[in-house]
Number of protein chains: 2
Amino acid sequence: MKPTIKDVAERAKVSPSTVSRVLTGVGYVSAATKEKVLKAVDELGYNPNGVARSLKRAKTQTIGVIVPDISNPYFVRVVRSIENCVSKSDYNLLLCSTDDNASKEETFLRILRERRIDGLIFAPSRLELGSALKPFLDANIPVVLVDRTITDVEVDTVVEEGEQSSYRLVQSLIEMGHERIAIVNSKPYISTSIERQRGYERAMLDAGIPIRPQYIQHGRFDQETGYLCGKRLFTLKDDRPTAIFATNNSILYGLMLAARELLIRIPEDISLVSFGDLEYSELIFPRVTAILQHPDRVGTTAAEVLLARLNHTHVEEVQKTRRIVLPTDFRCGTSVRNLRD
Amino acid sequence: MKPTIKDVAERAKVSPSTVSRVLTGVGYVSAATKEKVLKAVDELGYNPNGVARSLKRAKTQTIGVIVPDISNPYFVRVVRSIENCVSKSDYNLLLCSTDDNASKEETFLRILRERRIDGLIFAPSRLELGSALKPFLDANIPVVLVDRTITDVEVDTVVEEGEQSSYRLVQSLIEMGHERIAIVNSKPYISTSIERQRGYERAMLDAGIPIRPQYIQHGRFDQETGYLCGKRLFTLKDDRPTAIFATNNSILYGLMLAARELLIRIPEDISLVSFGDLEYSELIFPRVTAILQHPDRVGTTAAEVLLARLNHTHVEEVQKTRRIVLPTDFRCGTSVRNLRD
DNA sequence: CTGAAAGCGCTTACAG
DNA sequence: CTGAAAGCGCTTACAG
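Chain A carries the name LacI family transcriptional regulator in an unreviewed UniProt entry, which gives Alicyclobacillus cellulosilyticus as its organism.

Now for the UniProt feature "domain: HTH lacI-type" (unreviewed entry) in chain A. Mapped onto this structure's residue numbering, the UniProt feature "domain: HTH lacI-type" (unreviewed entry) falls at residues 3-57 of chain A. Along residues 3-57 of chain A, the helical share is 71% and the strand share 0%, with 21 Å between the first and last C-alpha atoms.

A few words on the nonpolar core. Ranked by internal contacts, the top residues of the largest apolar core, which has 88 residues, are I244(A), M256(A), I244(B) and M256(B). V78(A), V79(A), L326(A) and V298(B) belong to the second largest nonpolar core, which has 58 residues in total.

Let's shift gears to the protein's contact with DNA strand D. Around DNA strand D, 24 residues are found, and the nearest of them are I5(A), S20(A), R53(A), T18(B) and R21(B). Take R57(A): an N or O atom from its side chain is 3.5 Å from a phosphate oxygen of DNA strand D. The contact in question runs from a phosphate oxygen of DNA strand D to an N or O atom on the backbone of S30(B), over 2.9 Å. Of all the secondary-structure elements, those providing two or more residues to the surface near DNA strand D are α2 (16-24) and α4 (50-57) of chain A together with α2 (16-24) and α4 (50-57) of chain B. Classifying every residue of the surface near DNA strand D by side-chain character gives eight nonpolar, 10 polar and six charged.

For these two chains of identical sequence, chain A goes onto chain B by a turn of 180° and a shift of 0.0 Å along the axis, with RMSD 0.0 Å. Taken together, the rotation and translation relating the two chain copies correspond to the operation of a two-fold axis. Of the interface residues in chain A, 100% have counterparts in chain B that sit at the interface too, so the contact is made through matching surfaces.

Residues and elements named next belong to chain B. Within strand β9 (residues 271-275), five of the five residues are buried, leaving the element largely enclosed by the surrounding structure. The side-chain alternation of β9 yields two buried faces, one formed by S271, V273 and F275 and the other by L272 and S274. Here strand β8 (residues 243-246) runs beside β9; their pairing, made up of four bridges, is parallel. Each bridged residue has a counterpart across the sheet, and for F245 the counterpart in β9 is V273.

With that settled, the discussion passes to the side chain of D222(B). Residue and element names in this part refer to chain B. Relative to the helices and strands, D222 is located in the loop between β7 (216-218) and α10 (223-234). By relative accessible area, D222 is classed as buried at 17%. Those residues in contact with D222, other than ones at most four positions away along the chain, are S250 and I251.

Turning our eyes to something else, we now look at the packing of helix α10 (residues 223-234) of chain A against helix α11 (residues 249-261) of chain A. When two helices pack together, their arrangement is given by the angle between the helix axes and the distance between those axes. Residue and element names in this part refer to chain A. The N-to-C vectors of α10 and α11 enclose an angle of 45°; their axes lie 6 Å apart at closest approach. When the interaxial angle is binned, α10 and α11 end up oblique. Viewed along their axes, α10 and α11 form a crossing whose handedness is right-handed. Within the contact between the two elements, α10 uses Q223, T225, G226, Y227, G230, K231 and F234 and α11 uses S250, I251, Y253, G254, L255, L257, A258, A259 and E261. Here the contact of α10 with α11 is built from residues that sort into eight nonpolar, six polar and two charged.

A few words now on the interface of chain A and chain B. Of the residues lining the interface, 46 residues belong to chain A; the matching set on chain B comes to 46 residues. Here chain A meets chain B over a buried area of about 4700 Å², counting both sides, of which 56% is carbon and sulfur. Counting across the interface, chain A meets chain B through four salt bridges. Between R80(A) and D99(B) there is a salt bridge; the shortest N-O distance is 3.0 Å. Sorting the residues of the side of chain A that touches chain B by element identifies α4, α5 (73-87), β2 (92-97), α6 (102-114) and α11 of chain A as the ones contributing at least two each. If one sorts the elements of the side of chain A that touches chain B by residue count, β2(A) sits on top with six residues. Partitioned by chemical class, the residues of the side of chain A that touches chain B number 22 nonpolar, 10 polar and 14 charged. Pairing analysis gives three bridges linking β2(A) to strand β2 (residues 92-97) of chain B, with the strands arranged antiparallel.

Time to look at helix α3 (residues 31-44) of chain A. The α-helix advances 3.6 residues per turn, and as a result positions three or four apart in sequence lie on the same side. All names here are of chain A. In this model α3 runs 20 Å from its N-terminal to its C-terminal C-alpha over 14 residues, within 8% of the 20 Å that 1.5 Å per residue would give. Buried residues of α3: T33, V37, A40 and V41, and no others. All buried residues of α3 project into a common sector of 100° when viewed along the axis, lining one side. Along α3, exposed side chains directed more than 90 degrees from the buried face belong to A31, A32, E35, K39 and D42. Summarising the contacts, the buried residues of α3 are in contact with α1 (5-12) and α2. Trailing α3 by a residue or two, G45 shows a phi angle of about 65°, which is positive.

For the rest of this paragraph, the subject is the protein's contact with DNA strand C. Neighbouring DNA strand C are 24 residues; T18(A), R21(A), I5(B), S20(B) and R53(B) lie closest to it. Taking the atoms of DNA strand C that fall within 4 Å of the protein, sugar and phosphate contribute 58% of them. Within the side chain of T18(A), a nitrogen or oxygen atom sits 2.7 Å from a phosphate oxygen of DNA strand C. R53(B) places a side-chain nitrogen or oxygen 2.6 Å from a phosphate oxygen of DNA strand C. Mapped onto the surface near DNA strand C, the elements with two or more residues apiece are α2 and α4 of chain A together with α2 and α4 of chain B.

Reading the values: the criteria
- Sequence positions are assigned chain by chain, starting from 1 and proceeding in written order.
- Labels are handed out in written order, letters beginning with A for the chains and numbers beginning with 1 for the ligands.
- Side-chain atom pairs in this predicted model are given and counted only at pLDDT of 80 or more, local residue features only at pLDDT of at least 70, and totals for whole chains, interfaces and linings cover all residues.
- Just so you know, side-chain values use all the structure's heavy atoms and leave hydrogens and water out.
- UniProt positions are given in the numbering used here, feature names are shortened, and annotations may be inferred rather than shown by experiment.
- Put simply, DSSP H or I for four residues or longer makes a helix, DSSP E for two residues or longer makes a strand, and each gets a number counted from the N terminus.
- Remark: nonpolar core denotes a set of buried residues (Ala, Val, Leu, Ile, Met, Phe, Trp, Tyr, Cys) joined through side-chain atoms within 4.5 Å.
- For every residue, the accessible area (1.4 Å probe, protein chains only) is compared with the maximum for its type, and the residue is labelled buried under 20%, exposed over 50%, or partly exposed between those bounds.
- Note on definitions. A residue lies near a molecule or strand when any single heavy atom of the residue is within 4 Å of it.
- The term polar contact refers here to a pair of N or O atoms within 3.5 Å; inside protein, the definition further demands a hydrogen-donor-capable atom paired with an acceptor-capable atom, and it admits residues adjacent in sequence only when both atoms are side-chain atoms.
- Classes in brief: Ala, Val, Leu, Ile, Met, Phe, Trp, Tyr, Cys and Pro nonpolar; Asp, Glu, Lys and Arg charged; the others, Gly included, polar.
- The atoms used to superpose the copies are C-alpha atoms, taken from residues with pLDDT of at least 70 in both, and the fit is least squares.
- Two residues form a contact once any of their heavy atoms are found within 4.5 Å.
- A strand pair is defined by DSSP finding two or more bridges across the two strands.
- Axis lines are fitted through C-alpha atoms, for helices just across the contact stretch, and the angle between N-to-C directions can take any value from 0 to 180 degrees.
- Oblique is the label for any angle not covered by the other classes, which are roughly parallel (under 35 degrees), roughly antiparallel (over 145) and roughly perpendicular (65 to 115).
- Working rule for handedness: look at the near helix, and if it is turned counterclockwise from the far one by less than a right angle, call the crossing left-handed; if clockwise, right-handed.
- Buried area counts how much accessible surface, traced with a 1.4 Å probe, disappears from two parts once they are put together, with both parts' losses summed.
- The rule for a salt bridge is simple: a side-chain nitrogen of Lys or Arg has to be within 4 Å of a carboxyl oxygen of Asp or Glu.
- By definition here, a helix of n residues has an expected span of 1.5 Å times n minus one.
- Throughout, the arc means the angular range of directions from the helix axis out to the C-beta atoms.

Structure (structure tokens):
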């Protein structure tokens, strides 16, 4: 059987308390006993039981991370930078992908609650979560939202600017003479989706361009949506759009696949802009005019906010809720045709 | 304070044992008491403590996953498919990236051992791990190696065929008249690195082509290595290679970036083949002649092997160690110039 | 500097 | 069908 602290204690002829003190490094222990204990630990190949420790200490050194899709390069980088940050403070990551499925999301939240994670970093699937987060907040377990926000609970949030960035992106199309501008977006109840939509609509409105319903396509933030909506838009009979706004990297990818399949050239036949860039974009032609996001910064910032909370649980300096909106960058590519030429 | 099973018991006027029986669903409980208990659970917003349960049951429902780099698309997909598989059986993933750093790797192994994971899926950073895995095997915690194998311990393994695939890849270059073929590889103590090297050397040997030392570049399985070695090879004075074999996707990416920067055209100026494909390769020109891997299959298979072990811990049908080698595919692209024309 | 005792919150045979 | 008791393996005041 796996040796326990008791076994170590017996072999070193001390009490379990002393072994614990040696191993945790808190409290006084004489050099001699310390040596004895360490020797016994070594001889037995003792490995302390973290589960027991967690139960006793009511701390698991675990941070839950819930994202829509760990295979999306954006979240990959968010997660990786979170890991880099928190592993220095001895936390591990429990990782979950919801596929933006509300019921999976609820299940994961319940499981992570049962597992008594110390903190949660979460990209919620919808703007109104109802009471799903309440148990965490009630139990004083810090939660940091990333990439997406919610409206019905006050909670730390780290997102990237969405509406103004989208406005600017669409404006850049309008400046090139585009009016028939379509948007391929995700659900109208995801915060990023809403903001990007709003930027689009405001840019159109400000330019006095009417928005045609058939130019507004809603699906999910995935490649399939981009592909299907792309095919639909590309094959529109009368009023094919001259430009399309892809609201995330996966949708952009799907659109480009559809264009490639239908032999539609970018930007000659249709212009493309996107929120978020493709991985390996240096090798992809044409370079898409896009809002550049900074997933590493999002992850790092979220981790820092969370760690700050984790370190001040007792202290009365309970800072108020932080809502951090990180700036994006605009990259001008070669995916937009100038219709004014 | 967070309610415990005792609080629920008191409110429902039953014993904690009974509450436990209701919640776990094992053992007999009358319909009436069951209802009482569930009502109390609901009213108190009771959420059972998984840590306590884990301690008692000596099961954590946790699977540790250690990979070199969670941001490499290959491992992203391995991890994602593992998650898909094991989440159905109520396991969660504790995720760690080692950066192929032996000391980080050891630390993670120790931490996961302390955390009493139920099983481990692991892509080891070197062929000989010494005793690092021993504690797991001694404690009867199943381990499945993915992508890479080790020599000093018998353990379940799921890898993709490496030597023969590489042989074929290099052979395809030779058939096109190439002789000055370089290889950019990772460390000579990583199994995949070794196999791919062996395939290369055997193909050269069988064709009677001498191997020039300056054509063998070793670094890491990352983009930087591809980039640096690419620059070095591209700028070789006398005997610039006519073709380069990239031993993984990241190295290929680095090579292509270097080529792009130096305005070296593929395949006109230099030919390229690779083990493993780039993400988004449909959009990247030229299509690289490559060995196609199947990370989803690797992840799924590894998860299945692990789950099988997990379900037969007690039973005496302790299957012997499995070593699964999955087949790869060969894709002929347009990145190789035919020197025989 | 060290040990005895209590307790973290569950589960699980064992009686009844 | 239900409850009392023991115990999982630690940590942590509290005495001494």
